[in-house]
Amino acid sequence: MFIKTIERDKGRKLYLYSSQKREYNEIEGLPSIDQNNQHLRWNSLRNEWVFYSPVRQKRTFLPNVSNCPLCPSQKDGMKTDIPVSDYEIAVFDNRFSALSFNPPNIKFETKTEISSAYGSCEVISYSQDHNTKFQSLTIEHVSLLIKVWSDRFTKLMQNPNINYVIPFENKGKEIGVTLEHPHGQIYSMKIIPEIIKTQAKNQKIQNSVSNLINSLDNKLEIEKDENAISFVPPFARYPYEVWIAPFKRVDCANQLADKEIISIAKLLISSVKRLDHLFGKPMPYTMAVHFPPRGYENNFHHYISFQPMRRDTNKLKFLAGIEQITGLMLSDILPEDAAFKLKSLEID
Ligand SMILES: [Zn+2]
């Protein structure tokens, strides 16, 4: 894997990843904007931080292809956030970032505890092709993407003030995606969210994910080979929730061999195909790439999870009263039934 770093204005960075060494034609890109007012406030009733970032209200909303910030820039033409003529995978600091390595020093007349919004919000463009879909990417390209997630995790965690890194994707207008170009995001932060800490503790003390995979009821399996498996967890919180994990217990893909990464790439592609085939239309979902927060390294089983938001052809899963108020999830679909349906689908 090769990485070219380009320094943008106002301290932003652009990382261009490729499987082979390549040269880039640099072009003028979109200017950075001033960040202001980002900060965290402590909700002392729920024991959790709330992020505030007023600048995000102004972010680009569903632009057409001729105005897309994730397409390559054009010489004497469109300026984008990726100021080169072509690329394979690009990662850059979001222009509308909720977190920053130089956060503003905010002072409010409030007794509520305030913290600086330290960290980063990166955008990861999966491909230079605006109209491609995740499931149309080649196995080699998705393998590169898996390596990029792990590379950003490793590099961001080298900063001692960063304690948690989470690559994720929001897919579908139904859940508020503002750009159609295939992409995800990577947040790094100083805080470790409480629910993430709980899950990491359970991995460390009970070896939860490894045990789950090793003792999985075959009714919950969707697909597997000798290196990796896709399955519905027995306690799925979302309809048709899918997890993908290597059999080897590792923190991230840097500790996996190429053949193991290829197995995960195949399962990622087939899982997205299955979710899209389920109701004959694109499945809106969130996807998370789980890495250990600081303090839990070497006691973690890396995995990727899809949280699909459609429970029937014309029905979305909304997080309504009980979910929003208590955090408890109500699901209409049994995990065993979800796994059976996903497994039975004919995909090419
Ligand atoms: Zn685009």
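So, how was this worked out
- Residues numbered from 1 in each chain as written.
- Predicted model: local features only at pLDDT ≥ 70, side-chain atom pairs only at ≥ 80, totals over all residues.
- Domains from an automatic or database assignment.
- Contact = placed C-beta atoms within 7 Å.
- Helix = DSSP H or I, 4+ residues; strand = E, 2+ residues; numbered from the N terminus.
- Nonpolar A, V, L, I, M, F, W, Y, C, P; charged D, E, K, R; others polar.
- Axes fitted to C-alpha atoms, helices over the stretch in contact; angles between N-to-C directions.
- Parallel < 35°, antiparallel > 145°, perpendicular 65-115°, else oblique.
- Buried ≥ 20, exposed ≤ 12 C-beta atoms within 10 Å, placed from the backbone.
- Arc of directions from axis to C-beta.
- Pairing = 2+ DSSP bridges.
- Expected span 1.5 Å × (residues − 1).

Draft legend 1. Up close: the domain arrangement of the chain. Here the domain parsing of the chain yields domain 1 (2-194) and domain 2 (208-344). Using C-alpha coordinates to define each centre, domain 1 is positioned 24 Å away from domain 2. Listed per partner, the contact involves 25 residues of domain 1 and 25 residues of domain 2. Mapped onto the side of domain 1 that touches domain 2, the elements with two or more residues apiece are helix H1 (139-157) and strand S8 (164-171). If one sorts the elements of the side of domain 1 that touches domain 2 by residue count, H1 sits on top with ten residues. Taken together, the residues that form the side of domain 1 that touches domain 2 break down as 14 nonpolar, seven polar and four charged.

Draft legend 2. Spatial organisation of the packing of H1 against helix H4 (residues 258-278). At a closest axis distance of 8 Å, the pairing of H1 and H4 adopts a crossing angle of 110 degrees. Taken together, the axes of H1 and H4 lie roughly perpendicular to each other. Where H1 approaches H4, its residues Ile139, Val142, Ser143, Ile146 and Lys147 are matched on the opposing element by Ile261, Ile262, Ile264, Ala265, Lys266, Leu268 and Ile269. Of the residues that constitute the contact of H1 with H4, the class distribution is nine nonpolar, one polar and two charged.

Draft legend 3. Spatial organisation of helix H6 (residues 335-344). Residues of H6 that are buried include every one of Pro335, Ala338, Ala339 and Leu342, and no others. One side of H6 holds all its buried residues, which, seen down the axis, span an arc of 95 degrees. In this structure, the buried residues of H6 make contact with strand S10 (221-224), strand S11 (228-231), strand S12 (242-246) and H4.

Draft legend 4. Local environment of unusual backbone geometry. We note that aspartate 76 has phi near 60 degrees; this positive angle belongs to a residue other than glycine. Counting through the fold element by element, aspartate 76 comes out in the loop between strand S4 (48-52) and strand S5 (89-93). At asparagine 207, a residue that is not glycine, the phi angle is positive and equals roughly 55 degrees. Here asparagine 207 is to be found in the loop between helix H2 (194-206) and helix H3 (208-214).

Draft legend 5. View of the pairing of strand S13 (residues 285-290). Pairing between S8 and S13: four bridges, direction antiparallel. In the strand pairing of S13, lysine 171 is matched with tyrosine 285. As paired elements, S13 and strand S14 (residues 303-308) share six bridges and run antiparallel to each other. Residue pairing in the sheet places threonine 286 in a bridge with glutamine 307 of S14.

Draft legend 6. Representation of the pairing of strand S2 (residues 13-18) in the model. Relative to S2, strand S1 (residues 2-7) runs antiparallel, the two sharing six bridges. In the strand pairing of S2, isoleucine 6 is matched with leucine 14. Where S2 lies against S5, four bridges are found, and the strand directions are antiparallel. Looking across to S5, one finds that leucine 16 is bridged to alanine 90.

Draft legend 7. Representation of the environment of lysine 204 within the structure. If you trace the backbone, lysine 204 turns up in helix H2. Taking the C-alpha atoms as reference points, lysine 204 and histidine 301, separated by 97 residues in sequence, lie 9.2 Å from one another.

Draft legend 8. Seen up close, the sheet that holds S4. Across the sheet, three strands lie side by side as S4-S3-S6; this open sheet has antiparallel pairing. If you trace the sheet from one side to the other, it starts and ends with S4 and strand S6 (114-116), each paired once. Neighbour-to-neighbour, the strand axes of this sheet turn through a mean angle of 35 degrees, independent of strand direction. Inspection of the sheet shows strand S3 (residues 39-43) paired to S4 by five bridges, in the antiparallel sense. In the strand pairing of S4, leucine 40 is matched with phenylalanine 51.

Draft legend 9. Examining the sheet that holds S11 more closely. Pairing is antiparallel in the open sheet, where eleven strands are placed in the order S1-S2-S5-S7-S9-S8-S13-S14-S12-S11-S10. The sheet is open, and its two borders are formed by S1 and S10, each paired with just one other strand. The mean inter-strand angle of the sheet, taken between neighbouring strand axes irrespective of direction, is 20 degrees. Bridging between S5 and strand S7 (residues 119-125) involves four bridges; their strand directions are antiparallel. Its bridge partner being in S7, phenylalanine 92 is matched across the sheet by valine 123. Together, S10, S11, S12, S13 and S14 form the strand contacts of H4, whose direction differs from that of S12 by roughly 170 degrees.

Draft legend 10. Spatial organisation of the environment of serine 44. Tracing the backbone through its elements, the reader meets serine 44 in the loop between S3 and S4. Residue classification places serine 44 among the exposed positions, given that 10 C-beta atoms sit within 10 Å.

Draft legend 11. Focus on H1. Taking 1.5 Å of rise per residue, the 19 residues of H1 would be expected to cover 27 Å, and the 27 Å separating its terminal C-alpha atoms lies within 8% of that figure. Looking at H1, one finds that the buried residues are Val142, Ser143, Leu144, Leu145, Ile146, Lys147, Val148, Trp149, Ser150, Arg152, Phe153 and Met157.

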